[in-house]
Every structure is written in structure tokens, then in C-alpha cells.
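Observations on the three-dimensional arrangement
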Amino acid sequence: MVRLNRGDFAAYFAALHEGSAPYAWQERLLDSVLDAGRWPEALVAPTGAGKTSVIDVHVFAHALAAARGLARPPRRLAMIVARRVLVDDQYRYACRLAEELDSAQEGVLAEVAHRLRAGRAGADQVPLLVARLRGGEPPSRRWVDHPTAVAVLCATPEMWGSRLLFRGYGSSSRAWPREAGLLALDTVAVLDEAHLSRQLLCTARRVAQLVPVADHAWEGPPPLQVVETTATPASGEGRRLGVDETDLADGSSLRERLCRPKPISLVPRKDWRTTRPRHTVVDEIARRAVELIAQADREHPTVGCFVNTVERAVALTAALRDKRIGERPLRVVMLCGQVRPVDVELLETRYPRLLTPAGNSDVDVLVSTQTLEVGADLDLHAIVTELASGTALVQRAGRANRRGLAAAGPVVVIVPDGDVSARDRSGPYDSDDLSSALAWLTGRAEDELGLAPWAVRGDPPPQQRHTRRLLQRLELGQVWHWDRTSDQLAAEPELDLWLSDDLRPETSISLVVRDDLPTDSADAVEQIRVLLPRRHEAFGVPIQTAAEILSEELARLRTHDRHAQLPAVLVRGDDVGPLTWTGPSEQQRARIRPGDVVVLSADLALFTPGEQGSPSVAVTESSGIRRARATDVLEAIAHRAGGPRTGEIVHRVTLADPALIDQLAPIDDPVDDAGPPVDPWTVAEKWLTDHQTDKDPMAAAAAGLLAAGDRRAADVVVLPSHGPPRQLVVIDGRRRDADDSIRQEWTPASGRVTLAAHQRDVAERSGELAAAVGLPAPLTSALTSAALHHDDGKADPRFQVRLGGRPAGPPLAKSHGGVGPETQRRRQDRSGLPPRWRHEQRSVIDAWPHIGDTNERDLVARLIGSTHGHGRTSFPHTASELLGPGAGPVLTRLAEELFDAGGWDELIERTRLRHGVWCCAYVEALLRAADGQISGEGR
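Anyway, here's the lowdown on the structure attached to this text.

Quick notes on the rules
- Residues numbered from 1 in each chain as written.
- Predicted model: local features only at pLDDT ≥ 70, side-chain atom pairs only at ≥ 80, totals over all residues.
- Heavy atoms only, no water.
- Helix = DSSP H or I, 4+ residues; strand = E, 2+ residues; numbered from the N terminus.
- Buried < 20%, exposed > 50% of the residue type's maximum accessible area, 1.4 Å probe, protein only.
- Contact = heavy atoms within 4.5 Å.
- Pairing = 2+ DSSP bridges.
- Axes fitted to C-alpha atoms, helices over the stretch in contact; angles between N-to-C directions.

1. What to know about the overall build of the protein chain
A tally of helices and strands in the protein chain yields 36 helices and 29 strands. Taking all 939 residues of the protein chain together, 58% fall into the buried category. Long-range contacts, defined as pairs at least 24 residues apart, comprise 76% of the intrachain contacts of the protein chain with a sequence gap of at least 6.

This is how it looks when you write it as C-alpha cells:
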């Protein structure tokens, strides 16, 4: 193994970028991060300058700092941008980097991977963690389980910002404090095109100021660092770094990228103001695209067409497919922000390298909305676009001749034939945006360089008009209120005030379609509890569009039955339930919020037909666009695009044979839980063995899991049903390791995990995590003490009954063997515990005599009580309900003081004052990570 040096960065960069050397500004960025131990406040670089390389710098800087004993920069890099497709693009790049590091056997990549692994604690030694947090798909969770890992998080502003403020969209309330703590400490946030996210930039920088505000100085990992990345930074404060004149020496590839001409052609249209999806402006765009295709060379033939709405993109795609080049029709691909990542993967399978600078010569036209205008690494022959804001036009032009390999990259803009009126609007752009952009664009058209990035730097476009005149300043009192993550607040916070530049609700939810979704609401909910939506199924749809689609479908049902309900299931974090509605019966609206997942039946016609490989998108009936039944977007098709990830479905078995159904009757739950139920396993194994075919790889994979005979390898679950057919689901056994709530009470280990052994192991792992992140000694002591007692309450005899423990044996930390819902209900009834009883609340009482009267006793108690996200700030039970009959007077008085007289609330307040809101959440996250890692290892 070679010793890593600063000079190895060029070789590391070349290994990742097909031999290319880093630009000088990228080298300067690395030096800046290493020298200061922190990132600059701004990266000033035009489009095309290679800003995504901050991921490469982040990884190498961490490895080199570890090798040379330098101050370590933040472990987590959050790449934040307001375009879902770019989030996906950055995510794919980071995943490829992680794979390169993990598989490297020698050379500089192997040394970087070695240094990254050496800084981690725990059994998982993947050198780089990558996660994606964006609307329209269930969020990544693995990163919260591994706080010592170097990680790259690719996120949209709302998904990242809501987590920072203890209200993560799409996450369970029990996960909110973990996510907030880990994002506010040991993290650098890079806001790409920060002028699009001024409010989030303001909020993030305010959080960075508030994190260390406490009576006791924070000496652990550094508070949040915030970097704005744009060609036009919002302020002149702080350190800046980026491209300057010295980087553009004659002959440099960066000069070709930034200085090649992008001449502008303005095409006035009298009917420009028409808002219908299909009209003559669409035909004009199509005609101009055909002209440019005829001029293109064979190496870079694809023309990009940008429009301002999804409906117009669909109409333009149809118009282009009616055109011909010579004797053949145009090959057209449409890509909008709603598409699923799996559809992008399938698109790239059909048209390899289409969404890379290399391109694909089989595609004539790529149609998009704002989706591809920011940061997408495309190198198109030319651009045809509707008039948009000045900044949007610059971004769209940045996709033309991106690498500077051609002499020029033509840009054609369809504009009005006169002035923009006060009533005009196009997509998200109002009259002020359009009018100022047209005036600026007219001036730029007189310059032969047009929209070349370096020329635009000297004559920047007018900024898009902000819908908010004042930005909201975050105050500590507001954060203290939101920190009550396990309380039912009188009013949930409207986070848009602190996250969004535009207060109109345009954030996303996920729509998922399933075949065989039961019409009975309770059955549908139970099915989705088992078959939780997978990421590749989720269509990211603007919340307004989704609400209109749902209302339309409900109204359609009620034309036949005024009391009908739309079969739909709402998934919000770990909570699964029926979709509920609000408003008068004749105009009901679905109760949805950003980050939600709504599962619908595939019988509904909601999506545009997928043609020529273009992904389908969800559109409203009122748009007038033809919609097709969702047959081609079914989970049953999509899940074959890749193998199951941790805890995901392997196969669904639909059983219509009455003889097989009769075998699925529940068996009695033996008191000692000698083993898991066998009937579902046996039925599924026999059916798969008899029916699997070579054409069904998921069935073969499921059969292989069951044939191995290892009961830890898979879960076999019978879905509820009011009649035939019944369904069996085979799920990867690692589901138990991935589910935080399951890990608390279940273990995949073949033997029983005792309470004493589990707590000892968690305390040891907590110490390892604390040492890896540099937690100071007093906090490390508090963390390990809490870990040693975090599950003391599980020794309650009633809870041991729920776990299936033996009366004469040592207390268990976990149950063993798979148990179904019926078994769990019977155990709960036998235990005598009240509903929602929390062992963490009891653990505080039982641990109190053992945690000492030290300065950190409050923190130790807080960590014990909030171990799994509960008790922040209240618990559901009084002292008598918590302890049950027979409790001694000492425990009773303590419980009454804490949970009846307000002592626990005061303790939470004292720890907030002493350590700070986010710092407390960060230490909680370390304890929960240690517990989760040990449970995942079967201990």
C-alpha cells in the first residue's frame, strides 16, 4: 500500500475521469479545504466548469487528512440542487465513485479507500456511503446508521432543509432528531445554483450560527458548513474560490468550454402568448429543431428542446414524432422531472450514454422542461427553447457544445413579436422575468459570442424575480418548538417559510401504482405495510398536480356512487394508513404533504403512454393530454430492473388454489416460541419449486432463498384478504436488519440475545463511534453510560412476555425467530402492558440509581429516554401506568416526579440549554446508530 500524498490528487482524478487532469481551480479548492480544515463560503464557477468535482475533492481531502494527521473536514457532503434529474445525476456519479473505491485493489484509489475505511467504526466497511434525498421517492436511510462514514448525500432543497429543521419530509418522526443532528454537525452543504434557493441558503447559514449556541461550549465535530455554488454569488461575505482569468490560458480545455461562441437566433411569434399545450409555437419549435438536426454532424447530432411546462413537453414530443428526416421519422426522447430513476436507467439501457457528454447518435431530439437546465452534463449540438428567465436561458444554453469540441453551439429562442405584457406568464416565469430576459437577450444576440459562459459572466442575466421580498430569519425559539419531535403540536410548522423562495406549493409527493391492490381499505393498508414502495416505483409529482389527479379520480368514482372512496394508501415515513380527505364532499382534496407516498391501483389511467423509450409522466385529466392505463409502470415489471435491496420484496406469489389457501391458517403461538411458524414457508417453497421458470428471475431468487432452509434468510408473509386469491410475499431476510422498529425487539441470531450482552455490546460500539468522530471525554462518558442502560426497561416482566422470554431465564433484549402480526397481538394481550407502552420510559427509572449524580446525569437520562426517538419531550404514560402493580415506593416517587410532575420536561430543557438543540440530537444519533449496528449484527 502506497502512502497517500497531496501530489496523488492528479492521478486520483485521472483514474475517475478517463485520464483527464483536474483544472487549476479544482486543485486550489483541495488546497483550501486541507489548509483551513473547512470549505470556502462560495464557489464561483460558470456552467461547464466542472462543479460536480466537489465530490472528488471531498473524498480525497478526507482520505489525505486521515493519512497526514491533518484537521479533518466534515464527513458528510450534501449536494443540494433544485432539480430532481440533477440530483439523480450527481447520485449516479457518487455511486460510481463508491463502486470504484470499493473494488480498487491497488494504486491511488485503493489507498484512498483504505484511508476511508480506517476512519470508520462498525462492521460495515464500505469506504464511501451515498444516499439520495429527493421528493418522489422513499428517502435513503442507511447514512443515519453510519455516522462515522464519509458520505455523499444528494438532495433537493426541501428534502434536505426539512431534515435540518427536525421535520424531515417523507421520514418518520422518530427519525427526525437523528437526521437533524447528523446534518447540523460534521456536514458541509453545497447549494448548487444558490440563487434558486436564497431562503434555504439563509436558513442553512443561520443554523450554522445557532448550532454551538449553548451554556457549555461544544468541542465535538464541527458545526454545519455552507457553500453557495453559482456564477453570481448572493453576497460578498466569506472566502470565495473559483475560476479566474489565469485558468483560461490559450489551448486549455477549460477555455474551449467557457469561451466557444453560442450565437443566439431570436424567432418572434405573434401567437407566443397562447397557453394551450399544442399550438403553432410548438410547431415552430419542432420546425427549428429539424433544421438544426440537418446541420448537425454525426458525432454530435442531438438537438435539445426546452419548454416551460410538462404539458407542452408532451405536446412537443408528439409534434416532433410526426416529423421526418429523409425517409425516416425523428427519434425523440422526452425527459421531465417526474420520471422515476428506474425509467432513466431503462432509457439509458435503450440509448447508452444519451445523458452523458458522449451522447447517443440514435436520438435526434431530447425534449425537456427545467429538469435538464441546471448542471446536467449533456453536450448537445444546439438548443431550441421557449423564452424563460435570463438565468434559466443561460443554464439551457450551457447544454449546447458543453465540452467546446465544435466551433459553436447555436441557441434558438422563440419570443413574442412585441413587448411582454403585464398579464403574460409562461410556466413558472412571470411577466417581469420574461420582459427583463427578452431585453437582455436582445442585447446578447448582437454579440457573436452570444451565451458563451465566460461572455455571460461579464454581462450576467437579470435574476429571476423573487416572489418573496423578505427572507425569513430562523430563531432559536422556533427550533426548540420543532425539537419536540414526539409531541403532537397544536399546529405543524409551515417549513416553506424557511426553505422556499416561492411560497406556492410546488414540492413533490410520490405516486406508486400496484396491481392486485385490494379494494378493501384495511386489506390495502396491510398489504402495503408488508410491500412498502420501493424507490424505483415512485413517480415524483408536484403536489398540486397530484392533488388534482386524486380529486379527479375520486370525482369519477362518485359519479356512480356518491359515497365511494378511492382505493389509495398513504405512506408517511414508517406510518402506513388509508388516504384521507378534507373539504366539502363535492370538492374533496387529499390530505397530502411533501415527501408523502400515495399508492394507487394500476387500473387507473394516470400516465402518458411511454413511446420510443420516453418515460411516462403523470398528467391531469383537465390537461387534455391522452392518458393510458398504468400497465407499463407496474411494480411487477419494474422490480425486475434490479435485484432486491436490503429488506425489499423478492417475490409475490398469488394463490388461487383453495387447497393451498387452506394451508395458510394461523398456528397457535407456543409460550416458549420454540420456532417460527412453518406453514407459509412450506407453501411458498413448494409453489415456487413447482412453478418457477427461467423467465422469472425473482421467482428463482425467492425459491433459492427458501430452498437453503435458513430461516434467517427470508420472511414469508401471508397478506390479509377477505377471500381468494391469497398472496404470499417472500422478503429478503435483511429487512429485519434495515427496519429500526423491528431491530428493537427482534434478532436474526440463531440463539437468544440477552439484555446484559446486548447493552454491553452497544456501550462498546458507542465508545468506538465517539472516538472515531472526536467526541470529547465528558460526552463520550455520558454516551457509553447511556448505552449501558438504554434498554434496562426491557427487564420488566411484562415486556419479557411480549418478547417471548422464559420466566426462569435471563432477561432478553430481543425476540428470536420470525413472528407474525397475530403472534405479536397475542403476546401483547398476555403481557398486560398498556397500549403504546415504551420500554425507554421505564429504562429511565430503572437506570436512574446507576447513572450517578454527575454534571452529565441529565444528558445520560435524556439519551436513555430518547433512544428510539420517543420522549422528546413527553411520554404517553403516567407513573402508575408505566410501572404497573407491585412497584416499590422509591421507583414510584421517582416516576411521579419525572412523568407526572413535569420533571422530564424540565430535564429536556436543561440539556438543551447546556448542550444545544442540534448537539443533543447529534449525540442521540450516535447512540441510536450504535444500537442499530449491534442489532443488525444479531447481537
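2. Quick word on the sheet that holds strand 18 (residues 568-572)
Strand order in this open sheet of five strands is 17-16-22-18-19, and the pairing throughout is mixed. In this open sheet, the two edge strands, each paired with only one partner strand, are strand 17 (539-542) and strand 19 (575-578). Strand after strand, the sheet turns through a mean of 30 degrees between neighbouring axes, direction not considered. Judged from the four bridges that link them, strand 18 and strand 22 (residues 597-601) form a sheet pairing that is antiparallel.

3. Remarks on unusual backbone geometry
Note the cis peptide between Arg872 and Thr873, where omega equals 15 degrees. By the element assignment, Thr873 lies in the loop between helix 32 (857-865) and helix 33 (879-883). The backbone phi angle of Asn401 is positive, close to 50 degrees, even though this residue is not glycine. Relative to the assigned elements, Asn401 resides in the loop between helix 14 (390-397) and strand 15 (411-416). What makes Asn401 buried here is its relative accessible area of 3%.

4. Describing the sheet that holds strand 12 (residues 332-335)
Backbone hydrogen bonds hold the strands of a sheet together, and the pairing may be parallel or antiparallel. Here six strands make up an open sheet; going across it, the order is 8-15-14-9-13-12 and the pairing parallel. Each of the sheet's edge strands pairs with one partner strand only, and the pair in question is strand 8 (264-269) and strand 12. Averaged over all neighbouring strand pairs, the angle between strand axes comes to 20 degrees, with direction disregarded. Across the sheet, helix 11 (residues 280-295) is in contact with strand 8, strand 9 (303-306), strand 13 (365-368), strand 14 (382-386) and strand 15; its angle to strand 14 comes to roughly 175 degrees. Of the strands in this sheet, strand 9, strand 12, strand 13 and strand 14 are in contact with helix 12 (residues 310-321), which crosses strand 12 at around 175 degrees.

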